[in-house]
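Given next are the chains, with one letter for each unit.
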Amino acid sequence: MSVPETTTLDRAAGPPVLAARGLVVRYGRKEALKGVDVSFHGGSLGLLGPNGAGKSTFLRAILGLLKPDRGSAAVLGFDSARAGLQIRAQSGYMPESDCHVPGLSGVEFTAYCGRISGLGGADARRRAHEVLVYVGLQEERYRKVEEYSRGMRQKVKLAAALVHDPAVLFLDEPTSGLDPQARQETLELIRDLAHNKGMHVVLSSHLLKDVETVCDEVIVLAEGQARTSGRIDALKRMASGFVVRVDGEVERFARSAQEAGLTVERDGRGALLVQDGGGAGALTARALFALGRAAGTPLRHVVPAEESLEDLFLRALAQEPR
Ligand code: ADP
């Protein structure tokens, strides 16, 4: 592996990798971010939302590339509005649009990005070779970037974002326009960086699958607002209920559960999906067993039902802005 192992920051003690408070960004009369409050303490974060949700704007604002109209943001404790240079020294940014310099080969372009990020000439060249091999462009690294395929151009952008060995990597739609194989390869590289190399990763995407493959946490952004955020596994569990099978009269148990304020759905094969009416996640298997006994319909089978990320995403989009 040619990307050096980065030190995982002390997640408990250090400043958040990313924090935003009341972040507002306007383009003329268009309010692209309407007061975003989020924090991320490290690991891998998906910024998930449909096109136009404000994801690129959010990334550019926290990297200090765009001045917010209100609110504040910080990366690794550095204020985005004042310390953009320090932030960019510690962050890699793979923008959505291409950013190549005409006439440069892959290795020249990547080394150039290393120089801009503060590396000396020899270091920048050495690192450029290392990261290009890491992203799988060893054969093509001497070819001009403008001759690259779409997949290769995405990879060279990733190499350029990695060249100075950043602590945090920000990726804006990194699989955009890729064929399935190139997409899989790119996601595997990002996963490797996040899970095996200790790099903090913030991945912006409108594709659920990308976020699900790479990320442990998610922020769902819609219409310039954070609709939901947290660990994906916890959000799935919280939003879910239990799959229940009843010994005896299913409908009798279903009525009792509804009378107790729970929502009940039938799966058509004799099982019920029982959820907390308020969706607060307080429902327990023990409470369901007790309810079954009280209703005279003992339960035979109670297992947690996980909501898919897709359901979670759709529900977050349908929610009233918080
Ligand atoms: P996403 O990355 O989620 O697709 P963007 O941050 O690119 O969303 O855009 C958020 C909103 O701001 C969209 O409505 C978009 O049309 C608008 N927008 C983005 N950039 C500009 C700009 N430079 N000028 C005017 N409006 C913009």
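Quick caveat, the model's predicted, so the values are computed rather than measured.

### Thoughts on the domain arrangement of the protein
Alright, step 1. Its domain assignment divides the protein into domain 1 (18-231) and domain 2 (241-305).
Alright, step 2. Taking the mean C-alpha position of each, domain 1 and domain 2 sit 44 Å from one another.

### Regarding the pairing of strand S13 (residues 272-276)
Alright, step 1. Here strand S11 (residues 242-246) runs beside S13; their pairing, made up of 3 bridges, is antiparallel. Within the sheet, the bridge partner assigned to Phe 242 lies in S13 and is Val 274.
Alright, step 2. When strand S12 (residues 262-266) meets S13, the two strands line up antiparallel, connected through 5 bridges. In the sheet register, Arg 266 faces S13, and the bridge partner there is Leu 272.

### Looking at the site of the ligand
Alright, step 1. Around the ligand, the surrounding shell consists of Tyr 27, Lys 30, Ala 32, Pro 50, Asn 51, Gly 52, Ala 53, Gly 54, Lys 55, Ser 56 and Thr 57.
Alright, step 2. In this structure, Gly 54 approaches the ligand through a main-chain N or O atom, which is 2.9 Å from an oxygen atom.
Alright, step 3. Ser 56 places a side-chain nitrogen or oxygen 2.8 Å from an oxygen atom of the ligand.
Alright, step 4. When the ligand sits alone it has 560 Å² of accessible area, and the protein chains cover 61% of it.

### Here's the deal with the nonpolar core
If you look at soluble globular proteins, the nonpolar side chains tend to sit buried side by side.
Alright, step 1. Judged by nonpolar contacts, the single largest core of 45 residues is most densely connected at Val 135, Leu 158, Leu 162, Leu 169, Leu 171, Leu 203 and Val 211.
Alright, step 2. Ranked by the residues each element gives to this core, the list is headed by helix H5 (residues 150-162), at 7 residues.
Alright, step 3. For Leu 169, the residues in contact, after removing those within four places along its chain, are Gly 92, Leu 158, Ala 161, Leu 162, Leu 193, Met 199, His 200, Val 201 and Val 202.
Alright, step 4. Counting 29 residues, the second largest nonpolar core, distinct from the first, contains Phe 40, Phe 58, Ile 62 and Leu 66.

### Structural notes on helix H3 (residues 106-116)
Alright, step 1. Looking only at H3, the buried set comprises Gly 106, Val 107, Phe 109, Thr 110, Ala 111, Cys 113 and Gly 114.
Alright, step 2. Considering only its buried residues, H3 is in contact with helix H4 (121-134) and H5.
Alright, step 3. Gly 118, located one to two residues past H3, shows a positive phi value of around 105 degrees.

### Here we look at unusual backbone geometry
Alright, step 1. Here the phi dihedral of Leu 76 falls at roughly 50 degrees; this positive angle occurs in a residue that is not glycine.
Alright, step 2. Here Leu 76 shows up in the loop between strand S4 (70-75) and strand S5 (78-79).
Alright, step 3. Despite not being glycine, Asp 165 shows a phi value in the positive range, around 55 degrees.
Alright, step 4. For Asp 165, the location among the structural elements is in the loop between H5 and strand S7 (168-172).
Alright, step 5. Residue Asp 165 is classed as partly exposed on the basis of its relative accessible area, which comes to 27%.

### Here's the deal with the packing of H3 against H4
Alright, step 1. Put simply, H3 and H4 touch, their axes get as near as 8 Å, and they point 125 degrees apart. With respect to H4, the element H3 is oriented oblique. The way H3 lies across H4 gives a crossing that is right-handed. Contacts between H3 and H4 involve Gly 106, Val 107, Thr 110, Ala 111, Gly 114 and Arg 115 on the former and, on the latter, Gly 121, Ala 124, Arg 125, Ala 128, His 129, Val 131 and Leu 132.
Alright, step 2. Among the residues forming the contact of H3 with H4, the class breakdown is 6 nonpolar, 5 polar and 2 charged.

### Concerning the side chain of Glu 217
Alright, step 1. Tracing the backbone shows Glu 217 in strand S9 (residues 217-222).
Alright, step 2. Of the buried charged residues, Glu 217 lacks a salt bridge, with Arg 231 as the closest side chain of opposite charge at 4.9 Å.
Alright, step 3. Each residue touching Glu 217, except ones within four places of it in the same chain, is listed here: Phe 40, Gly 42, Ser 44, Leu 45, Gly 46, Gly 230, Arg 231 and Ile 232.

### Things to note about the environment of Leu 299
Alright, step 1. Relative to the helices and strands, Leu 299 is located in strand S14 (residues 299-304).
Alright, step 2. The sequence separation of Leu 299 and Leu 288 amounts to 11 residues, and the corresponding C-alpha distance is 8.0 Å.
Alright, step 3. Beyond its immediate sequence surroundings of up to four residues, Leu 299 is in contact with Val 244, Arg 245, Val 246, Phe 253, Leu 288, Phe 289 and Gly 292.

### Focus: the sheet that holds strand S1 (residues 18-27)
Alright, step 1. The 4 strands are arranged S2-S1-S4-S5 in an open sheet whose pairing can be described as antiparallel. Each of the sheet's edge strands pairs with one partner strand only, and the pair in question is strand S2 (30-40) and S5.
Alright, step 2. Inspection of the sheet shows S1 paired to S2 by 8 bridges, in the antiparallel sense. Across the sheet, the residue bridging to Ala 19 is Ser 39, located in S2.
Alright, step 3. Packed onto the sheet, helix H1 (residues 55-62) meets S1, S2 and S4 and runs at close to 115 degrees relative to S1.

### Some points on the sheet that holds S13
Alright, step 1. Strand order in this open sheet of 4 strands is S12-S13-S11-S14, and the pairing throughout is antiparallel. Edge positions in the sheet fall to S12 and S14, since each has one partner strand and no second. Averaged over all pairs of adjacent strands, the angle between their axes in this sheet comes to 25 degrees, without regard to strand direction.
Alright, step 2. Contacts from helix H9 (residues 250-259) reach S11, S12, S13 and S14, with the element oriented near 150 degrees to S12.
Alright, step 3. Most of the contacts of helix H10 (residues 285-294) go to S14, to which it runs at about 160 degrees, and overall it touches S11, S12, S13 and S14.

The rules behind each value
- Residues numbered from 1 in each chain as written.
- Predicted model: local features only at pLDDT ≥ 70, side-chain atom pairs only at ≥ 80, totals over all residues.
- Heavy atoms only, no water.
- Domains from an automatic or database assignment.
- Pairing = 2+ DSSP bridges.
- Helix = DSSP H or I, 4+ residues; strand = E, 2+ residues; numbered from the N terminus.
- Near = heavy atom within 4 Å.
- Polar contact = N/O pair within 3.5 Å; in protein donor to acceptor, adjacent residues only side chain to side chain.
- Areas by Shrake-Rupley, 256 points an atom, 1.4 Å probe, with all protein chains shown as cover.
- Core = buried A, V, L, I, M, F, W, Y, C linked by side-chain atoms within 4.5 Å.
- Buried < 20%, exposed > 50% of the residue type's maximum accessible area, 1.4 Å probe, protein only.
- Contact = heavy atoms within 4.5 Å.
- Axes fitted to C-alpha atoms, helices over the stretch in contact; angles between N-to-C directions.
- Parallel < 35°, antiparallel > 145°, perpendicular 65-115°, else oblique.
- Left-handed = near helix turned anticlockwise from the far one by under 90°.
- Nonpolar A, V, L, I, M, F, W, Y, C, P; charged D, E, K, R; others polar.
- Lys, Arg positive; Asp, Glu negative; His and termini not counted.
- Salt bridge = Lys/Arg side-chain N within 4 Å of Asp/Glu carboxyl O.

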